[in-house]
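Observations on the three-dimensional arrangement
Here is how the chains run, residue by residue.
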Amino acid sequence: HMLTSVLIQAPSRRGYAWVNVKSSPLLSPDDRSEMLRALQWGRLDELPTEPRFVRQNKGRKFGDLLWTTGPTKIASDRFVSVLEESRATGYSTFPVEIENPPGIVLPRYHGLVVFGRPGDDCFSIMPGEQHWKFGIIGALLRDLRAAGVDDFEIMEDSSAAGALSR
């Protein structure tokens with residue numbers, strides 16, 4: 001049977017690097033939550049500097065999606081390339097810098113915003129919100145796999161649309 005869509009997320013299991021935004025210790029909790037909100041939507045004009053992330057755990061493996069402990073999504077160059085080549089709908093990207101080791105920028109990662117609705121190739125599971133999980137259609141999953149881009153977690157093999165109709 002044709003896979004309609006799946007929910008995917010960054011791998012967070014043992015061995016995988018988790019990253020978190022590096023922010024000034026001078027930020028008040030309110031300012032920090034404002035910053036994180038702007039960041040998850042890629043609204044860089046509202047941020048004091050281009051967002052920098054640092055590794056937060058001992059994980060050494062950097063996947064095609066990076067776990068950020070929140071709704072901000074980070075995708076590898078090769079993941080984004082497949083979205084571009086497939087002319088996928090429902091997403092946008094923004095520049096981010098990931099330091100690993102500290103002070104050294106790891107190339108080839110982008111911030112990823114998923115704003116699509118069911119019917120788009122990439123879709124949000126909470127319309128109007130960002131979430132660490134998001135949906136992609138089966139055809140896009142096949143394109144990703146065909147390109148060897150598979151370092152992310154698939155949440156469910158049933159139609160993700162079911163999760164949306166609750």
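Residues numbered from 1 in each chain as written. Predicted model: local features only at pLDDT ≥ 70, side-chain atom pairs only at ≥ 80, totals over all residues. Heavy atoms only, no water.

**Section: the confidence of the model for the protein chain**
- Confidence in the prediction of the protein chain, expressed as mean pLDDT, is 88, and 92% of residues score 70 or more.
- Under a pLDDT of 50 for its full length, residues 159-166 has, in the predicted model, 12 contacts with residues more than four places off or in other chains. (pLDDT = per-residue confidence, 0-100. Contact = heavy atoms within 4.5 Å.)

**Some details on the sheet that holds strand 7 (residues 97-99)**
- On the basis of which strands lie adjacent, the open sheet formed by 4 strands has the order 2-3-7-8 and mixed pairing. Across the chains shown, the open sheet's two edge strands, defined by having one partner strand only, are strand 2 (19-21) and strand 8 (105-106).
- Across 2 bridges, the pairing between strand 7 and strand 8 is antiparallel. Bridge assignment links Ile98 to a residue of strand 8, and that residue is Leu106. (Pairing = 2+ DSSP bridges. Helix = DSSP H or I, 4+ residues; strand = E, 2+ residues; numbered from the N terminus.)

**Description of the nonpolar core**
- Leu65, Phe79, Leu112 and Ile136 are the most contacted members of the largest nonpolar core, which totals 22 residues.
- When contributions to this core are tallied by element, the ones reaching two or more residues are strand 1 (5-9), helix 2 (77-85), strand 9 (109-114), strand 11 (134-137) and helix 3 (138-146).
- No other element matches helix 2, which puts 4 residues into this core.
- Among all residues touching Leu65, those that are not within four sequence positions of it are Ile8, Gln9, Ala10, Pro11, Ile74, Ala75, Phe79, Leu112, Phe134, Asp151 and Phe152.
- In terms of nonpolar packing, the next biggest core, distinct from the first, is built from 16 residues, Val19, Leu47, Val96 and Val113 among them. (Core = buried A, V, L, I, M, F, W, Y, C linked by side-chain atoms within 4.5 Å. Buried < 20%, exposed > 50% of the residue type's maximum accessible area, 1.4 Å probe, protein only.)

**Focus: the pattern of salt bridges**
- Applying the stated criterion across every chain, the model contains 8 salt bridges.
- Residues Arg37 and Glu129 are paired through a salt bridge, measuring 3.9 Å at the closest nitrogen-oxygen approach. Separated by 92 residues along the polypeptide, Arg37 in helix 1 (residues 29-40) and Glu129 in the loop between strand 10 (122-124) and strand 11 bring together distant segments of the chain.
- For Glu129, a relative accessible area of 32% puts it in the partly exposed group. (Salt bridge = Lys/Arg side-chain N within 4 Å of Asp/Glu carboxyl O.)

**Thoughts on the sheet that holds strand 5 (residues 73-76)**
- Strand order across the open sheet formed by 4 strands is 4-5-9-6, with antiparallel pairing between neighbours. Each edge of the open sheet is held by one strand with a lone partner, namely strand 4 (65-66) and strand 6 (91-95).
- Where strand 6 and strand 9 come together, 5 bridges link them in antiparallel fashion. Bridge assignment links Pro95 to a residue of strand 9, and that residue is His110.
- Across the sheet, helix 2 is in contact with strand 4, strand 5, strand 6 and strand 9; its angle to strand 5 comes to roughly 85°. (Axes fitted to C-alpha atoms, helices over the stretch in contact; angles between N-to-C directions.)

**Topic: the side chain of Ser124**
- With respect to the element layout, Ser124 can be found in strand 10.
- Look at Ser124 and you get buried, because its relative accessible area is 6%.
- Here the side chain of Ser124 touches Glu129 through a polar contact of 3.0 Å, landing on its backbone oxygen. (Polar contact = N/O pair within 3.5 Å; in protein donor to acceptor, adjacent residues only side chain to side chain.)

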